[in-house]
Amino acid sequence: MRSSLTSFKPFLPDNPLRNAVGIFVLTTLFYFIGAELRLVEALSLFWPLNGVMAGVFARYAYLNRLHYYAVSYVAMLLYDAVTTNWGIASVVINLSNMMFIVTVALLVTRDRRRGRETPDPINALRLFNFCLIAALLCALVGAMGSVGIDSQTFWPLFADWFSEQFSTGVLILPCLLTVKIPEIKHPVRVDHFMPVLALIVSVAASVVIGGAGSLAFPLPALIWCAVRYSLPATCLLTFVTGGVEIILVANSIINIAVAAPLSTPMMFSARLGIATMAICPVMVSVSVAAINSLIHQVSLRADYDFLTRVYSRSGLYEALKNEESHRHPRFLTVMLLDIDYFKSINDNYGHECGDRVLAEFAGKVQQEVGEDGLVARMGGEEFAVVVNSVDARQGFELAERIREAVASHAFSWRQQTLFLTVSIGLGSARAESWQLTEVFNKLMAEADEYLYRSKKAGRNRTSARQPDDPLVAEVQKSPEQV
Ligand SMILES: Nc1nc2c(ncn2[C@@H]2O[C@H](COP(=O)(O)OP(=O)(O)OP(=O)(O)O)[C@@H](O)[C@H]2O)c(=O)[nH]1
C-alpha cells in the first residue's frame, strides 16, 4: 500500500492524454475551491488556483508546453461560462491567472536549468521574487480586466489582485514544489509534536488578542517547526498557518482593524507582535551559533593530518598565526624532510605498509622535536618542522639528530624490519613575532632549495646555508636502504 502510494505519479512525460486530463481536472477543482472561498464580492481573498497550477507546471518541467497551458486556460473559461455572466471579461481575467502561472513556471524551470549550485528543490528567496514578478503582471492584467465588473476603479483592484496573488503564491508554491508522501522512519514521540502544538496555541493567541501585531504570533513556532521538521513538512505547516490566518482575518475572527490608532489594545497587540518578531532572529542566531560550533570542530579536524596525527599544511599555518600573537622575536629554523626512496616501500611492501611507515616516521620526528616544535605533513612523504632555535647551528644539530634517529630506527612490518633514511633541507632566520608566517614562507623556499641539494648529493643528509662556508653534513656511513 505504502509503496503504491509513494510510487504514484499524477503526470507522466510520455502520456499527453493523462497529463491534459489531469491539468483540466486540477484547474476545475481549484477554480471551484477558489470560487467557494470567495469572501469579498466577486474576487476571492484566497485564490489557490494560480499558486497550485504554477507549482504543478514548475514541478513537472515536461508540462511546460503551450497545449498544456491552453488546457488549463480553457478549463478556466469553461468554468466561468457555466457559473458566471462575465462574458468577454472572463477572457482577460483568466488571462491574468495564466500570467501568474506561466511566469512562475517559466522562471522556476529556468532557474533550475541554470543554477545547479542552488540546493533543490527550492530557493526560498528566489521563489519570493518570482511570486512578486508574477503577481505584479497578473494584477496588471487582472485589474484591467475587472474594471467595471463591480464598479471598482483600477488601483484598488490592482492592490487587491496583487496582495492576493502574492500571498497565496508565496504560501502555496514552496509547498507544491516540495510535497511528498512522508516516510516515518523512527517511532513517533509526543515531544515531536510540540512545535505543532505551539503553532496551534500561537494562532489561537492571534484570535484572542487580535490587532495587526497578532499576525506575527505564529512566527517563532514556525521557526521551531523549521528546525525540527523536514522542509516539506515546514512548507506545509507554513502554508496551512498562512491560509488559516487569511481566512480568519477575512471573517474578522482575527480582528486587525482598529478604530482609534494607538489605542491601548492596538499597542498591546503591536508590542506583542514586535516581541514575537524580535525573538525570531534570536532563534536563527542560536541555530547559527550551533552551526558555527560545528564548523569550528570540523576545521579543528582539518588542522591535523588524519594518517600521521601531526599538523596538516593548513593546521601549521593556523598554529603559526596563533604564535604571532606572542610578542617576542625569535630565531626560527624551518626544516623540510623528505623520506628517501619512499616509493620503493609502497612498491615492495604495499600501500598499507607505506601508510604505517609514514605514521611511525611522523611520531619519531615529533619525539625528537619535542612538544615546543611544530611538525606538519606537507603532503605525500614530505614533512616540515618549525622550531625556535638559538641560532642556525642549533637548528642544524636538531635536524641531524632527527636524521640519525630515523636512520637508526627499525620500522617493523609483519615480522620484517625496515630501515629508511630522510633528506633534510634547512632555512633559518630571525623573525619578529608579527611576521612569523611571512618569514616561514621565505624559509620554506630556502629549505626546499637545500632539500633538493641533499637529494642531489646522494640523500640521507642535511643541507643548509652558511654565509661563508655552505654547511653540509655528510653522513659517515649510509644505513641499509630499503
Ligand atoms: N602509502 C602511501 N604512499 C604515499 C602517500 N602519499 C604519497 N605516497 C607515495 O609516495 C611516493 C613518493 O615517491 P617519489 O616522489 O617518487 O619519491 P621517493 O620514492 O621517496 O624518492 P625520492 O624522494 O626521490 O627519494 C609515491 O609513490 C606516492 O604514491 C600516502 O599517504 N601513503
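Just so it is clear, the model here is predicted, and its values are computed rather than measured. Counting restarts for each chain, with residues numbered from 1 along the sequence as it is written. Local features in this predicted model are restricted to residues of pLDDT 70 or higher, and side-chain atom pairs are both shown and tallied only at a pLDDT of 80 or more, whereas totals for entire chains, interfaces and linings draw on every residue. By convention in this description, side-chain values take in all heavy atoms of the structure and omit both hydrogens and water.

**Q** Would you mind going over the overall build of the protein chain with me for this structure?
**A** Each helix corresponds to a stretch of at least 4 residues labelled H or I by DSSP, and each strand to a stretch of at least 2 residues labelled E; elements are numbered beginning at the N terminus. Secondary structure assignment for the protein chain yields 16 helices and eight strands. For the protein chain, the proportion of its 482 residues judged to be buried stands at 43%. For the protein chain, long-range pairs separated by at least 24 residues make up 71% of all intrachain contacts whose partners lie at least 6 apart in sequence. Burial status follows relative accessibility: with a 1.4 Å probe on protein chains alone, a residue under 20% of its type maximum counts as buried, one over 50% as exposed, and anything between as partly exposed. Contact definition: two residues touch when any of their heavy atoms are within 4.5 Å.

**Q** Even after reading the chapter, I still don't get the site of the ligand, so can you show me in this structure?
**A** Lining the immediate environment of the ligand, one finds 16 residues, of which Phe 342, Lys 343, Asn 346, Asp 355 and Arg 377 sit closest. By the criterion applied in these results, polar contacts are pairs of N or O atoms within 3.5 Å in which, for protein atoms, one can donate a hydrogen and the other can accept it, and in which residues neighboring in sequence qualify only through two side-chain atoms. At 3.0 Å from an oxygen atom of the ligand is found a side-chain nitrogen or oxygen belonging to Asp 338. Tyr 341 is positioned such that a nitrogen or oxygen atom in its backbone is 2.9 Å from an oxygen atom of the ligand. Residue burial considers only the protein chains on display, and all accessible areas are found by Shrake-Rupley using a 1.4 Å probe. Burial of the ligand by the protein amounts to 67% of the accessible area it has alone, namely 670 Å². At the level of secondary structure, the elements contributing two or more residues to the shell around the ligand comprise strand S1 (330-339), helix H13 (342-349) and helix H14 (351-369). Per-element accounting of the shell around the ligand gives the leading share, four residues, to H14. We call Asp, Glu, Lys and Arg charged. Ala, Val, Leu, Ile, Met, Phe, Trp, Tyr, Cys and Pro are nonpolar, and the rest, Gly among them, are polar. Classifying every residue of the shell around the ligand by side-chain character gives four nonpolar, four polar and eight charged. A single heavy atom is enough: if one lies within 4 Å of a molecule or strand, its residue is considered near that molecule or strand.

**Q** Explain helix H12 (residues 313-323) here, please?
**A** Among all positions in H12, only Gly 315, Leu 316, Ala 319 and Leu 320 are buried. Summarising the axial view, the buried residues of H12 lie within an arc of 140 degrees, below the 170-degree limit, and thus occupy one face. Buried positions along H12 lie against strand S2 (374-379), strand S3 (382-388) and helix H16 (436-456). Here the arc refers to the set of directions running from the helix axis out to each C-beta atom.

**Q** Got a minute to help me understand the side chain of Thr 234 in this structure?
**A** Residue placement: Thr 234 occurs in helix H10 (residues 231-250). A distance of 2.8 Å separates a polar side-chain atom of Thr 234 from the backbone oxygen of Ser 230.

**Q** Could you clarify how one ought to interpret the pattern of salt bridges in this entry?
**A** Any two side chains of opposite charge can pair, given that their charged atoms come close. Salt bridges are counted wherever a side-chain nitrogen of Lys or Arg sits within 4 Å of a carboxyl oxygen of Asp or Glu. Tallied over the full model, the rule gives 14 salt bridges. Measuring nitrogen to oxygen at the nearest pair gives 2.9 Å for the salt bridge that ties Arg 330 to Glu 323. By relative accessible area, which is 6% here, Arg 330 ends up buried. Residue classification places Glu 323 among the partly exposed residues on the basis of a relative accessible area of 25%. Its salt-bridge partner being Arg 403, residue Glu 400 comes within 2.7 Å of it at the nearest N-O pair. Of this pair, Glu 400 and Arg 403 are both found in helix H15 (residues 392-408), three residues apart, which corresponds to roughly one turn of the helix.

**Q** For this particular structure, what's the right way to read the packing of aromatic side chains?
**A** The way to describe two aromatic rings as a pair is by their centre distance and the angle between their planes. Between 30 and 60 degrees the pair is tilted, below 30 it is stacked and above 60 it is edge-to-face, where a pair is any two Phe, Tyr or Trp rings, Trp via its six-membered ring, whose centres lie within 6.5 Å. All told, the structure shown has 14 aromatic pairs when counted by the stated rule. Judged by centre distance (5.0 Å) and plane angle (90 degrees), the rings of Tyr 31 and Trp 47 are edge-to-face. One end of the pair, Tyr 31, is in helix H2 (residues 16-37); the other, Trp 47, is in the loop between H2 and helix H3 (48-59), and 16 residues separate them in sequence. Residue Trp 47 is classed as buried on the basis of its relative accessible area of 5%. Measuring from centroid to centroid gives 6.5 Å for Phe 158 and Phe 162, while their planes differ by 5 degrees, and the two rings are stacked. Taken together, the residues Phe 158 and Phe 162, both in helix H7 (residues 154-178) and four residues apart, mark about one turn of the helix. Three or more aromatic residues joined by ring pairs form one cluster here, namely Phe 128, Phe 154, Trp 155, Phe 158, Phe 162 and Phe 166. Directly above the aromatic system of Phe 306 lies the positively charged group of Arg 309, at a separation of 5.9 Å from the ring centroid. Charge-over-ring contacts are defined here by two conditions on Lys NZ or Arg CZ: a distance within 6 Å of the ring centre and an angle within 35 degrees of the ring normal.

**Q** Looking at this model, I keep getting lost on the UniProt feature "transmembrane region" (unreviewed entry) in the protein chain. Mind explaining?
**A** UniProt positions are given in the numbering used here, feature names are shortened, and annotations may be inferred rather than shown by experiment. Taking the UniProt record as the reference, the feature "transmembrane region" (unreviewed entry) is found at residues 20-37, 44-62, 86-107, 127-149, 193-217, 237-260 and 272-295. A distance of 26 Å separates the end C-alpha atoms of residues 20-37, which is 100% helix and 0% strand. Between the first and last C-alpha atoms of residues 193-217 the distance is 18 Å; the span itself is 64% helix and 0% strand.

**Q** Help me understand the environment of Phe 361 in this model?
**A** Along the chain, Phe 361 falls in helix H14. The exposure class assigned to Phe 361 is buried, which follows from its relative accessible area of 0%.

**Q** Even after reading the chapter, I still don't get the pairing of strand S6 (residues 422-431), so can you show me in this structure?
**A** One face of the sheet, then the other: side chains in a regular strand alternate in exactly this way. Burial of S6 is extensive: eight of the ten residues sit out of reach of the surface. Only strands joined by at least two bridges in the DSSP assignment are considered to pair. Here S1 pairs with S6 via ten bridges, running antiparallel. Paired with Ile 339 across the bridge in S6 is Val 422. Relative to strand S7 (residues 462-464), S6 runs parallel, the two sharing two bridges. Residue pairing in the sheet places Ile 424 in a bridge with Thr 462 of S7. Seen with the strands pointing away from the viewer, any crossover whose path from the first strand over the helix to the second strand runs clockwise is right-handed. In this fold, the crossover linking S6 to S7 by way of H16 has left-handed handedness.

**Q** What should I look at first to understand the nonpolar core in this one?
**A** Note on soluble globular proteins: their nonpolar side chains tend to be buried together. Here the nonpolar core consists of buried residues drawn from Ala, Val, Leu, Ile, Met, Phe, Trp, Tyr and Cys, with membership extended through side-chain atoms lying within 4.5 Å. The biggest cluster of nonpolar side chains holds 45 residues, and the ones touching the most others in it are Phe 57 and Leu 63. Contributions of two or more residues to this core are made by H2, H3, helix H4 (66-83), helix H5 (89-114), helix H6 (124-146) and H7. Here this core gets nine residues from one element, more than from any other, and that element is H5. Beyond its immediate chain neighbours, meaning those up to four positions away, Phe 57 contacts Ile 23, Leu 63, Asn 64, Tyr 68, Tyr 69, Ser 72, Ile 101 and Ala 105.

**Q** What is the right way to read the packing of H12 against H16 from this model?
**A** When two helices pack together, their arrangement is given by the angle between their axes and by how far apart the axes lie. Between H12 and H16, the least distance of the axes is 9 Å, while the angle of their chain directions is 135 degrees. In terms of orientation, H12 lies oblique with respect to H16. Contact residues: Leu 316, Tyr 317, Leu 320, Lys 321 and Glu 323 in H12; Leu 436, Thr 437, Phe 440 and Asn 441 in H16. To obtain each axis, a line is fitted to C-alpha atoms, and for helices this fit is confined to the stretch in contact; angles are then taken between N-to-C directions over 0 to 180 degrees. Throughout, the term roughly parallel applies to angles under 35 degrees, roughly antiparallel to angles over 145, roughly perpendicular to angles from 65 to 115, and oblique to all others.

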